[in-house]
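Structural characterization, general
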Amino acid sequence: MDLQAFLTALDELTKQASGDFAAAGDSEALEAARVQYLGARSGRLKDVQKQMGALPKEAKREGGMSFNACKTKVQAALEEATERLGSGGATVSDSAIDPTLPGTKLHIGRTHPITQTIEHLKDIMGRLGFSVVEGPEVEDTWHNFIALNIPEDHPARDPLDNFYLTVAGKAVVDASASEARLLRSQTSTVQIRVMENTPPPVRIISLGRVYRPDPPDATHFPMFHQMEGLWIDTSVNMAQLKSVLRLFATSYLGSDVSIRFRPSFFPFTEPSVEADFYWNGSWVEFGGAGMVDPNVLKAVGYDPEEVTGFAFGLGVERLCMGRHNVTDIRDLYRNDLRFLHQF
Ligand code: DAH
């Protein structure tokens with residue numbers, strides 16, 4: 001395209017647009033004309049602009065300036081027409097609405113208290129250098145038990161204490177069968193998945209749902225959430241475990257919270273402890289922890305002579321309930337908006 005033809009097209013466009021805007025009898029017609037000429041995607045002005053690319057190099061400067069002048073004229077014509085037609089009833093003039101009154105609060109949705117808690121916990125642990133990983137809720141017995149050093153005859157594997165799934169239409173009655181699948185009963189499964197896929201060092205948390213067939217009462221629910229933590233490196237020790245949990249507890253529950261360890265037993269840690277926080281005048285158990293058992297390190301191909309680590313698993317509901325003084329875990333899952341709106 002040569003410059004002359006381009007300039008003629010611009011003139012033509014300016015004339016037509018001004019004519020159409022001036023002829024528009026109401027705001028609808030004007031809007032249609034606006035879209036036709038100034039529409040962002042397929043307006044005629046846009047089309048002409050595209051042709052500018054085909055101008056010879058030495059004509060581009062003049063072409064560009066003329067295009068801008070044309071656009072300004074078209075826009076001015078639109079403005080003039082808009083003024084002529086008035087604002088078309090877009091103002092709140094009289095009676096019905098008093099725009100000076102304060103607004104009504106909108107009942108928009110909000111995040112569930114457990115989701116809020118999870119975000120908060122991720123934030124705190126992120127500042128302590130832990131990154132977040134996810135793991136599946138349907139697990140095999142390797143990740144839920146075997147690699148975690150939970151032997152075949154351990155009561156934790158009992159079908160009465162787990163949600164085993166039917167596989168290919170059949171209930172797997174033998175809980176030790178390798179094809180058995182279950183809803184994970186603990187997030188410790190994610191420790192195994194991470195270590196299987198990552199060489200040390202590892203510093204992760206994983207937050208998610210776990211399932212146990214407990215009858216619901218004020219402190220039990222068949223589905224709840226855990227925050228699993230794992231730190232593996234060349235010389236991680238128990239003192240660091242305590243420091244991390246103390247920092248976590250004071251960040252989440254408040255600076256006056258103390259922490260204590262009680263000796264305990266978990267197959268996947270040695271030594272093992274229960275972690276209690278002093279909260280609201282009494283010691284409350286928030287979960288278990290310990291130094292990762294060498295058998296677990298071996299199961300994932302780590303060398304227990306080279307690396308050590310600690311792990312912990314805390315109850316998310318319990319933390320949320322502690323912080324917000326909720327006394328019945330079932331309240332979190334009744335979906336009663338009067339309850340949920342308080343968070
Ligand atoms: N998995 C344990 C449970 O569900 C909690 C736990 C204890 C996790 C000790 C850990 C740990 O990582 O080291 O009861």
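Scroll up for the structure.
The structure contained in this document is the topic of the report that follows. Position labels on residues start from 1 in each chain and follow its written sequence. Note on the predicted model: pLDDT of at least 70 is required for a residue's local features to be given, and 80 or more for side-chain atom pairs to be given and counted; whole-chain, interface and lining totals, by contrast, use all residues. Just so you know, side-chain values use all the structure's heavy atoms and leave hydrogens and water out.

1. Topic: the environment of Ala289
So the rule is basically this: Helix and strand assignments follow DSSP, with helices taken as H or I runs no shorter than four residues and strands as E runs no shorter than two, numbered in order from the N terminus. Type-normalised accessible area, obtained with a 1.4 Å probe on protein chains alone, sets the label of each residue: buried when under 20%, exposed when over 50%, and partly exposed for intermediate values. We call two residues contacting when some pair of their heavy atoms lies within 4.5 Å.
Topologically, Ala289 is positioned in strand β11 (residues 282-292). By relative accessible area, Ala289 is classed as buried at 3%. C-alpha of Ala289 to C-alpha of Leu106: the two residues are 183 residues apart in sequence and 44 Å apart in space. Ala289 has contacts with Leu241, Leu245, Phe266, Thr269, Pro271, Ser272, Val273, Ala311 and Phe312, leaving out every residue within four places of it along the chain.

2. Observations regarding the sheet that holds strand β3 (residues 163-164)
The test is simple: Pairing between strands is defined by DSSP: at least two bridges between them are needed.
The strand order β2-β6-β3 describes an open sheet built from three strands, whose pairing is antiparallel. Only two strands of the sheet have a single partner each, and these edge strands are β2 (138-140) and β3. Pairing of β3 with strand β6 (residues 181-183), which is carried by two bridges, proceeds in the antiparallel orientation. If you follow Phe163 over to β6, its bridge partner there is Leu183.

3. Digging into the side chain of Asp293
Just so we agree on the cut-off: Neither His nor the chain ends is counted toward charge; the positive residues are Lys and Arg and the negative residues Asp and Glu. By definition, a salt bridge exists where a carboxyl oxygen of Asp or Glu is found within 4 Å of a side-chain nitrogen of Lys or Arg. Polar contacts, as used here, are pairs of N or O atoms within 3.5 Å; protein pairs need one atom able to donate a hydrogen and one able to accept it. Residues neighboring in sequence count only if both atoms are side-chain atoms.
Mapped onto the fold, Asp293 is located in the loop between β11 and α9 (294-299). Although buried, Asp293 forms no salt bridge, and the nearest oppositely charged side chain, Lys298, lies 7.1 Å from it. Polar contacts involving the side chain of Asp293 include one to the main-chain amide nitrogen of Asn295, which spans 2.8 Å. If near-sequence neighbours (up to four positions away) are discounted, Asp293 is found in contact with Asn149, Pro267, Phe268, Thr269 and Glu270.

4. Structural notes on the pairing of strand β10 (residues 269-279)
With eight of eleven residues buried, β10 lies mostly within the body of the structure. Pairing of strand β9 (residues 258-266) with β10 involves eight bridges; the strand directions are antiparallel. Bridged to Pro263 within β10 is Val273. Here β9 hands over to β10 after two residues, the two strands then running antiparallel side by side. Between β10 and β11, which pair antiparallel in sequence order, lie two residues; one of them, Asn280, sits at a positive phi of approximately 55 degrees.

5. A word on helix α5 (residues 113-127)
To be explicit about the condition: One less than the number of residues in a helix, times 1.5 Å, gives the span that helix is expected to have. In this description, one arc is meant: the one made by directions from the helix axis to the C-beta atoms.
The end-to-end C-alpha distance of α5 is 21 Å, a good match for the 21 Å that 15 residues give at a rise of 1.5 Å each. Buried residues of α5: Pro113, Ile114, Thr117, Ile118, Leu121, Ile124 and Met125, and no others. Buried positions in α5, seen along its axis, are confined to an arc of 135 degrees and lie on one side of it. In this fold, the buried residues of α5 make contact with β7 (202-211), β8 (223-233), α8 (238-253), β12 (308-315), α10 (316-324) and α11 (337-340). Positive backbone phi, approximately 90 degrees, marks Gly129, located one or two places after α5.

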